[in-house]
Amino acid sequence: MKPTYEVVGKIERFDERDTVFAREALIAGSEEERLYHEQNPHLREIDERIRKFIDEKLATDRASWGRAYYQVGFRTLAYLALPDCVDGEPAPDAIKIDPKRASLLVKGLASHLGADVVGITRLKQEWVYSHRGTRPFFADQPPNPPLFEGMPDHYTGRLWGDPIHLEHQYAIALAFTQDLRFMKAGPGVASDLEVGKVYARSALVACQLASFIRALGFAARAHHVRNYYVLVVPIAVDAGLGELSRAGYLLNKTYGLNLRLSCVTTDLPLKVDEPIDIGVQEFCSKCLKCARNCPAGAIPTGDKTIVRGIRKWRVDAERCLLYWGRVGAACQICQVVCPWSKPPTYFHRAVANIASKFGGLTKFLVKADDLFYGTKYKQVSEPLWMHPDGEGGKSQSDSCFSGSLRASRH
Ligand code: SF4
Ligand code: SF4
């Protein structure tokens, strides 16, 4: 089966320097920043606006609840971005294993380690970034085991603007669910805590799985929020985890948009999964609930457009990030309001089955969702335990998000 995204031309590899997260991270006045905006003068103003928001957030290192909760996931996660954590040399004398057996093994281990959904596909070069754009960058740090085992020989894209080469044959897509009680309390410290926690888990599992495969004697690299060489959403679509949605996220039949993604690319021969069609393209064309609720107007209400050779709904990443800056936390409203983002109870699974089979019922199902859950997003209180005075509140916006809660969406 073919994936449900529509290829209408040559898919150009995406330059990571063009992501809004790479642009906001450029240091004002640096050589990189000057070079980038000389080549892209139309982005100078919007990038300055985004950077200003983020600089203001980072201007202080004073103690705060927001900073403390943000650090829980994102601080530790940064260490998992080290080159010898995501990558390394495979052990000599690779073991012999049948691809079908290897797939079962890899999926079983990933689930055991904490992945909620796992799928396997052939890696298409179209989904590999062309150049490195986001931090962290690494030059030639000397090994200092066991803290740092050394730079893998084949590690490319060490510095901003370096070309990325990744010739692995297979990609293992990993998806991790978020606790909806925390997500519904956002945007604020509760949702930042949850997103950071899940990103940390997604990074750890990807690094563990890649390390396991290398120990069997095959090349393997983890890709996670702090160190990606690939676009994780189309890889997850190819691997049969779901479809690309109007909101730009992967839409999974069981968990809706409520997922964060990571990935392992490898040369371990594997049996691949098929992409799936669960009716998302038709559902999203009639639903629009995420677009109606997006406070930034970043999700299109109209038709798909062509983006780098693919016809899809194009989310305005700049508008989205400016909104995050305004509220001081990563927004997650579209993920939460989507009618598919529900706890995987027997009832909701049955409704998802109906939605995926009967496109003609979309409007009725969206109306029913509005009736049960409301047409407008309603933020709930943070859990009481999150504040020592026992007064849970809404949207504590002293979160020190750095604009890097990125890329479960492309
Ligand atoms: S994260 Fe928030 S601002 Fe961004 S697209 Fe979704 S609803 Fe809109
Ligand atoms: S809210 Fe509706 S339109 Fe948006 S991603 Fe979910 S199903 Fe698609």
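The rules we used
- Each chain has its residues counted from 1, following the order in which its sequence is written.
- Whichever chain is written first becomes A and whichever ligand is written first becomes 1, with later ones labelled in order.
- Given that the model is predicted, a residue must reach a pLDDT of at least 70 before its local features are reported, and side-chain atom pairs must reach 80 or more before they are shown or counted; all residues, however, enter totals for whole chains, interfaces and linings.
- Calculated side-chain values reflect all of the structure's heavy atoms, with hydrogen atoms and water omitted.
- Should DSSP find at least two bridges between two strands, the strands are regarded as paired.
- Each helix is a run of DSSP H or I of at least 4 residues and each strand a run of E of at least 2, with the numbering of both proceeding from the N terminus.
- Lines fitted to C-alpha atoms define the axes, with helix axes restricted to the stretch in contact, and inter-axis angles between N-to-C directions lie between 0 and 180 degrees.
- Contact between two residues is taken to exist if any of their heavy atoms lie within 4.5 Å; hydrogens are not considered.
- Residues belong to a common nonpolar core when they are buried Ala, Val, Leu, Ile, Met, Phe, Trp, Tyr or Cys residues joined through side-chain atoms within 4.5 Å.
- Only protein chains enter the accessibility calculation, which uses a 1.4 Å probe; a residue whose area is less than 20% of its type maximum is buried, one above 50% is exposed, and one in between is partly exposed.
- Here a residue counts as near a molecule or strand whenever at least one of its heavy atoms sits within 4 Å of it.
- Throughout, the ten residues Ala, Val, Leu, Ile, Met, Phe, Trp, Tyr, Cys and Pro are labelled nonpolar, Asp, Glu, Lys and Arg are labelled charged, and all others, Gly among them, are labelled polar.
- Should a side-chain nitrogen of Lys or Arg be within 4 Å of a carboxyl oxygen of Asp or Glu, the pair is scored as a salt bridge.
- Two rings belonging to Phe, Tyr or Trp (six-membered ring only in the last case) form a pair when the distance between their centres is within 6.5 Å. Interplanar angles under 30 degrees mark stacking, angles over 60 mark edge-to-face geometry, and anything in between is tilted.
- Over a ring means this: the NZ of a Lys or the CZ of an Arg is within 6 Å of the ring centre and within 35 degrees of the ring normal.
- Residue-level confidence of the predictor is what pLDDT reports, using numbers from 0 through 100.

Novice: Whenever I open this one, the sheet that holds strand β8 (residues 305-307) confuses me. Can you help?
Specialist: Two modes of strand pairing occur in sheets, parallel and antiparallel, and in both the strands are linked by backbone hydrogen bonds. Ordered in space as β1-β9-β8, the three strands form an open sheet in which the pairing is antiparallel. On the outer flanks of this sheet lie β1 (6-7) and β8, each paired with one strand and no other. In this structure, β8 lies alongside strand β9 (residues 310-312), joined through three bridges in antiparallel fashion. Counted as the bridge partner of I306 is R311 from β9.

Novice: It is not clear to me how the sheet that holds strand β7 (residues 259-266) should be interpreted in this structure. Could you clarify?
Specialist: What the four strands build is an open sheet, ordered β2-β3-β7-β4; its pairing is antiparallel. With partners counted over all chains shown, the strands left at the sheet margins are β2 (117-122) and β4 (220-223), one partner each. Strand-to-strand twist of the sheet, defined as the mean angle between neighbouring strand axes without regard to direction, takes the value 20 degrees. Both β4 and β7 contribute to a ladder of four bridges, which runs antiparallel. Its bridge partner lying in β7, A220 is registered against T266. Contacting β2 and β3 (170-177), helix α6 (residues 99-113) crosses the sheet at an angle of about 145 degrees to β2. In this fold helix α8 (residues 189-215) packs onto β3, β4 and β7, with an angle of close to 15 degrees to the strand it touches most, β7.

Novice: Where do I start with the nonpolar core in this structure?
Specialist: The tendency in soluble globular proteins is for nonpolar side chains to be buried side by side. Ranked by internal contacts, the top residues of the largest apolar core, which has 114 residues, are I172, L174, I213 and V264. For this core, the leading source of residues is α8, giving 11 residues. In this structure I213 touches V106, I172, F218, A219, A220, V264, T266 and L268, once residues within four positions along its chain are discounted. Y69, F182, V189 and A190 belong to the second-largest nonpolar core, a separate cluster that totals seven residues.

Novice: Before we go on, may I ask you to explain the site of ligand 1 in this structure?
Specialist: With respect to spatial proximity, 11 residues lie near ligand 1, and among them C294, I299, C320, C331 and C334 are the closest. When contributions to the shell around ligand 1 are tallied by element, the ones reaching two or more residues are α12 (317-327) and α13 (333-337). The element best represented in the shell around ligand 1 is α12, accounting for three residues. Of the residues belonging to the shell around ligand 1, the class tally is 10 nonpolar, no polar and one charged.

Novice: Before we go on, may I ask you to explain unusual backbone geometry in this structure?
Specialist: Backbone geometry follows two general trends: most residues other than glycine have a negative phi, and most peptide bonds adopt the trans configuration. Cis geometry marks the peptide bond from R135 to P136, where omega comes out at 5 degrees. Looking at where P136 falls in the secondary structure, it is placed in the loop between β2 and β3. With an omega dihedral of 5 degrees, the bond running from P145 to P146 counts as a cis peptide bond. Mapped onto the elements of the fold, P146 is located in the loop between β2 and β3.

Novice: I would appreciate a short explanation of the pattern of salt bridges in the present structure.
Specialist: A side chain with one charge may pair with a side chain of the opposite charge, provided their charged atoms come close. One pass over the full model with this rule turns up 18 salt bridges. With its nearest N and O atoms 2.7 Å apart, the salt bridge here joins D179 to R181. One salt bridge connects R319 with D316, and the closest N-O pair in it is separated by 3.6 Å. The class for R319 is partly exposed, based on a relative accessible area of 45%.

Novice: Would you mind going over the packing of aromatic side chains with me for this structure?
Specialist: Two measures describe an aromatic ring pair: the distance that separates the ring centres and the angle between the ring planes. As enumerated under the stated definition, the model contains 10 aromatic pairs in all. Considering the side-chain rings of F182 and W385, the 6.2 Å spacing of their centres and the 50 degrees angle between planes classify their relative orientation as tilted. One end of the pair, F182, is in helix α7 (residues 180-183); the other, W385, is in the segment after α15 (362-373), with 203 residues separating them in the sequence. Residue classification places W385 among the exposed positions, given a relative accessible area of 56%. An aromatic cluster is present here, built from Y70, F74 and Y199 joined pairwise through their rings. A cation over a ring is seen here: R221 above Y229, with NZ or CZ 3.7 Å from the ring centre. Against the face of Y373 rests K342, its NZ or CZ located 4.3 Å from the ring centre.

Novice: Would you explain the site of ligand 2 in this entry?
Specialist: S245, R246, L257, F283, C284, C287, L288, K289, C290, C338, P339 and W340 make up every residue found near ligand 2. Within the residue set of the shell around ligand 2, elements represented by two or more residues are α10 (280-287) and α11 (289-293). Broken down by element, the shell around ligand 2 gets its largest block of residues, three residues, from α10. For the shell around ligand 2, the per-class residue count stands at nine nonpolar, one polar and two charged.

Novice: So what exactly am I meant to see when it comes to the confidence of the model for the chain here?
Specialist: Parts of the model with low pLDDT should not have their predicted coordinates read in detail. Averaged over all residues, the pLDDT of the chain equals 91, while 93% of them reach at least 70. This stretch, residues 399-410, has a pLDDT under 50; its non-local contacts, to residues over four places away or in other chains, come to 77 contacts.

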